[in-house]
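Fold and geometry: a report
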Amino acid sequence: MEKEFIDNKNYVSLERYVMSELMSPIEDFINAINIIRENDEYIEGLNLYYIAAYLSAEWILEANDFLRKLNGMINLVNDNDKAIIYYLNAYSIFFSEKNVRSNENYKINLLKSIECSKNTNFVNNRYDISKTFEGKEAENYLKDALTNVKIIETKETLKTKPMDYWLSSQRFVDEFILGTHLTQEVYLYKFGRLLSEISREEQIRTNMPDLNN
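Residues numbered from 1 in each chain as written. Predicted model: local features only at pLDDT ≥ 70, side-chain atom pairs only at ≥ 80, totals over all residues. Heavy atoms only, no water.

**A short note on helix α3 (residues 29-38)**
How we decide: Working definition: with a 1.4 Å probe on protein chains only, accessible area under 20% of the residue-type maximum means buried, over 50% means exposed, and in between means partly exposed. Helix numbering and strand numbering both begin at the N terminus, where a helix is a DSSP run of H or I of at least 4 residues and a strand a DSSP run of E of at least 2. By definition, the arc is the one covered by directions from the helix axis to the C-beta atoms. Contacts are assigned to residue pairs with any non-hydrogen atoms lying within 4.5 Å of each other.
Regarding α3, the residues found buried are A32, I33, I35 and I36. Here the buried residues of α3 occupy an arc of 160° about the axis, which is enough to place them on one side. Residues of α3 that are buried sit in contact with α2 (11-20), α4 (47-59) and α5 (65-72).

Structure, rendered in structure tokens:
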């Protein structure tokens, strides 16, 4: 992928090069960030900036320059992009503050993200804010997150994916930032308990036997 980019020097080859650096088991997050930073003139759209800001939040100690760039254009983009940028602000706070549950700026950014994504699917903003509440309010946000899931991938379906799937920046955004495309393992980790409770409520409502007993 590096050779392909050197030979072509365009956005498509840059995207494939960056995404190849994020493939398990040899992922190099720092190098992926640096590749994006050093080749700004070839970038089209915002996906690679989203990915760099997302990775920088966890892996770079200094100020998140990609997030600063995105914040600088937030008034110029549509609501779907605003939703992602606000979410990335919250994600950055998550890694820089000790107690995000009591951090108002964290909640404000998540709520702004949810408001901007009311007409599109976005799981992670709703899921994350559910963790800052308790009781019915937390459950309502978690249920809302669940209804925003679009695709659940199994080991079998992932084995059939072509290489272009793994080299797509949109695939990364859908899986890790939006959370709309999840592996079965992550889906059950996030929503398994809620799914069990919904199943139990349905059993009581319809007088069905509890198959767990």
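**As for the pattern of salt bridges**
Rule in force here: Note on definitions: salt bridges are taken to be side-chain nitrogens of Lys or Arg within 4 Å of carboxyl oxygens of Asp or Glu.
A full pass over the atoms with the stated rule returns 13 salt bridges. E4 is paired through a salt bridge with R16; the nearest N and O atoms lie 3.0 Å apart. Placement of E4 in helix α1 (residues 2-8) and of R16 in helix α2 is noted, with a sequence separation of 12 residues between them. Residue classification places E4 among the partly exposed positions, given a relative accessible area of 25%. With a closest N to O distance of 3.1 Å, R37 and D65 form a salt bridge. Placement of the pair is R37 in helix α3 and D65 in helix α5, with a sequence separation of 28 residues. According to the relative accessible area criterion, R37 is partly exposed, its value standing at 34%. With relative accessibility at 27%, the residue D65 sits in the partly exposed group.

**Comments concerning the packing of aromatic side chains**
Inclusion rule: The criterion for an aromatic pair is that two Phe, Tyr or Trp rings (for Trp, the six-membered ring) have centres within 6.5 Å, with stacked assigned to planes under 30 degrees apart, edge-to-face to planes over 60 apart and tilted to the rest.
Evaluation of the coordinates by the stated rule reveals 15 aromatic pairs. On the basis of an interplanar angle of 90° and a centroid distance of 5.7 Å, the ring pair of F5 and Y42 is categorised as edge-to-face. Residue F5 is located in helix α1, and its partner Y42 is located in the loop between α3 and α4; the two are separated by 37 residues in the primary sequence. Judged by relative accessible area, F5 falls into the buried class, the value being 4%. For Y42, a relative accessible area of 22% gives the class partly exposed. Judged by centre distance (4.9 Å) and plane angle (85°), the rings of Y165 and W166 are edge-to-face.

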